[in-house]
Amino acid sequence: MFQSFFPNPKLFFLSAIAWTAVAVAVWYGFASDLGGSLGFGATPEGQQPIIGLGHFTTPEFLWFYVYYGLFTAAFGAFWWWYSKAHTWQVWSIWGSSLIIFMTYYDVQVAVAINNWRRPFFDTVQTALDESARVVSADEFYALLFIFFQITSVWVILYILKRFFISHYIFRWRTAMNDYYVAKWNNVRQIEGASQRIQEDTMRFAAIMEGLGVALIDSLMTLIAFLPILLALSSHVVELPFIGEIPAPLLSAAIFWSITGTVVLAAVGVKLPGLEFHNQRVEAAYRKELVYGEDHEHRADPVKLTELFGFVRKNYFRLYFNYMYFNLFRGFYLQADNVFAYFLLIPTYVAKKVTWGIVQQILTAFSQVSNSFQFLVNSWPTIVELLSIYKRLKGFEQAIAEREAMMMRGELAAETGAGE
């Protein structure tokens, strides 16, 4: 699954995580302030966020583009030197980096929209307040035009990103297919080999296309919105039943998300195993039917009834486990819809925020909590992916065992010839 596409997967992913941690730590430690001294300019301290397309061309952004490029080039150059013979390193190394950058840029579009929310909804509040100044229609048209500009960037980026990711994922499937097909003379005797190579690689690629991008998006969203949510916490007076605490919004988002993730992971812990077993009983039933097409003594009604009974039993267990998993998940997600409003009740009563700030808080809180809730939102898909992973992992172990047996047979033959 991984060694066909990535060079030395364990070392590659560990080094990627470590290098990313270093890059983030250096950026937030001191590198973000180096742009001014390097000629990129600096945003005056205390300046309000830029509303509109200018958000993407601030001095900090221009310096970040260069910074990201330098760190990526260093990481890619090392692996280009270390794994010169790997067929797919252009896609697996440089393609992965491009996907991360596009995802981060996508998240920054969400940040730009969140910056836009404050002036727009403050204008709405002013327009509805009879004692406030008169708001002209042109002010709304101008703000809506800015929104259109920002969302146009998102649409273009979304199309390009999805197009590239689709090709990236198909290259990954091609790498897996080539890896297994090259061993076909050895693996053709393994039960279910054709299904593993065709169906499971296809499903693995399809799930990774959505789930992998969602994971990267969640991480990039946290990096972008955590500082925003921390800054917006200054507008919150206190939390209901708790009172004043440091960084109230950030603390509440982390607590709420971790609680939901732990509870739902515990409730759904049996699902991956049941999904994996479901494929086994389905395969056994299908296998008997296939044999019955060619052999009259196979696939008799008694045997088929027995095998289908195993299928029915496992499905009923799946239905029961999904029932109480969906019960907990449904209640949690419905509560999540109003949790941020609940946190702001003391702030509403104290009249300490405007409607524009409220919109910014709600959006930022939602972005952070949804990112922390990645497992909650993606659990059914993760269960399916784990099931496919187990099957392909078992398939690869069977290949390794057969290759080891062949090697021992060759060695035995050579030993007999020598004697």
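Residues numbered from 1 in each chain as written. Predicted model: local features only at pLDDT ≥ 70, side-chain atom pairs only at ≥ 80, totals over all residues. Heavy atoms only, no water.

Remarks on the packing of helix α3 (residues 89-128) against helix α11 (residues 355-372)
- Their axes nearest at 6 Å, the elements α3 and α11 cross at an angle of 155 degrees. In terms of orientation, α3 and α11 fall into the roughly antiparallel class. Judged by the sense of rotation from one axis to the other, the crossing of α3 with α11 is right-handed. Contacts between α3 and α11 pair A110, N114, N115, R117, R118, F121, D122 and Q125 from the former with W355, G356, I357, Q359, Q360, T363, A364 and Q367 from the latter.
- Grouping the amino acids of the contact of α3 with α11 by side-chain chemistry returns 5 nonpolar, 8 polar and 3 charged. (Axes fitted to C-alpha atoms, helices over the stretch in contact; angles between N-to-C directions. Helix = DSSP H or I, 4+ residues; strand = E, 2+ residues; numbered from the N terminus. Parallel < 35°, antiparallel > 145°, perpendicular 65-115°, else oblique. Left-handed = near helix turned anticlockwise from the far one by under 90°. Contact = heavy atoms within 4.5 Å. Nonpolar A, V, L, I, M, F, W, Y, C, P; charged D, E, K, R; others polar.)

Some details on the confidence of the model for the protein chain
- Mean pLDDT over the protein chain: 83, with 95% of residues reaching 70 or higher.
- The least confident element of the protein chain, judged by mean pLDDT, is helix α12 (residues 374-418) at 71; the most confident is helix α4 (residues 137-181) at 90.
- Confidence drops under a pLDDT of 50 for residues 411-419, and excluding neighbours within four residues, the segment shows 0 contacts in the predicted structure. (pLDDT = per-residue confidence, 0-100.)

Concerning the UniProt feature "transmembrane region" (unreviewed entry) in the protein chain
- The UniProt record annotates "transmembrane region" (unreviewed entry) at residues 12-30, 62-81, 93-113, 140-160, 204-229 and 249-269.
- In this annotation, residues 204-229 is assigned 100% helix and 0% strand; the end-to-end C-alpha distance for the span is 35 Å.
- Summarising residues 249-269: 90% helix, 0% strand, and an end-to-end C-alpha distance of 30 Å. (UniProt positions renumbered as here; feature names shortened; annotations may be inferred.)

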